[in-house]
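These are the residues of each chain, in order.
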Amino acid sequence: MMRWDDMSGKRRGVVIALASVEIALTAAAAVDLCRRPAADVRGRKGLWWPAIFVQPVGPVAYLLWGRRS
């Protein structure tokens, strides 16, 4: 495992950017799931909650397939 102090500036920037995207996607999925009525969610809301915290596929899966339009 590479330590933060051993990373180049460019690699640190990439890690920060990817982490920011993951946090933003997870937050967007969590807010949407919280506010969306159960009838507008494919499947049970209780099963989507742990799924959105499986990085990086959980929030993307919910935002793409978990919501009814």
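For the structure given in this document, a descriptive report is provided here. Everything numeric in this text was worked out from a predicted model, so none of it was measured. Starting afresh in each chain, residues are numbered from 1 along the sequence in its written order. Local features in a predicted model are, by the rule used here, given only for residues with pLDDT of at least 70; side-chain atom pairs are given and counted only at 80 or more, and totals for whole chains, interfaces and linings are based on all residues. Heavy atoms throughout the structure, all of them, feed into the side-chain values; hydrogens and water do not.

### With respect to the packing of helix α1 (residues 9-35) against helix α3 (residues 57-66)
Line of reasoning, step 1. To get an axis, a line is fitted to the C-alpha atoms, and for a helix only the part in contact is used. The angle between two axes follows their N-to-C directions and goes from 0 to 180 degrees. A run of H or I in DSSP counts as a helix once it spans at least four residues, and a run of E counts as a strand once it spans at least two, with each numbered from the N terminus. The contact between α1 and α3 brings their axes to 9 Å, and the two run at 45 degrees. Considered as vectors, α1 and α3 are oriented oblique to each other. Here α1 runs over α3; the crossing is left-handed. Contacts between α1 and α3 involve L25, T26, A29, D32 and L33 from the first element and P59, V60, Y62 and L63 from the second.
Line of reasoning, step 2. Residues are sorted three ways: Asp, Glu, Lys and Arg are charged, Ala, Val, Leu, Ile, Met, Phe, Trp, Tyr, Cys and Pro are nonpolar, and all the rest, Gly among them, are polar. Looking at side-chain class alone, the contact of α1 with α3 contains 7 nonpolar, 1 polar and 1 charged residues. Angle categories: roughly parallel below 35 degrees, roughly antiparallel above 145, roughly perpendicular from 65 to 115, and oblique for all the rest. Each crossing gets its hand from how the near helix is turned against the far one by less than a right angle, where anticlockwise is left-handed and clockwise is right-handed. We call two residues in contact whenever any of their non-hydrogen atoms come within 4.5 Å of each other.

### Side note on the nonpolar core
Line of reasoning, step 1. Counting residues in each nonpolar core, the largest one holds 8 residues, listed as A29, A30, L33, V41, W48, I52, A61 and Y62.
Line of reasoning, step 2. Elements supplying a minimum of two residues to this core: α1 and α3.
Line of reasoning, step 3. If you tally residues by element for this core, the top one is α1, at 3 residues.
Line of reasoning, step 4. In this view, A30 contacts W49 and I52; residues no more than four positions away in its chain are not counted. Throughout this description, the term nonpolar core refers to a set of buried Ala, Val, Leu, Ile, Met, Phe, Trp, Tyr and Cys residues connected via side-chain atoms within 4.5 Å. To sort residues, take the accessible area from a 1.4 Å probe on protein chains only and compare it with the maximum for the residue type: under 20% means buried, over 50% means exposed, and anything in between is partly exposed.

Coordinates in, geometry out; function isn't part of it.
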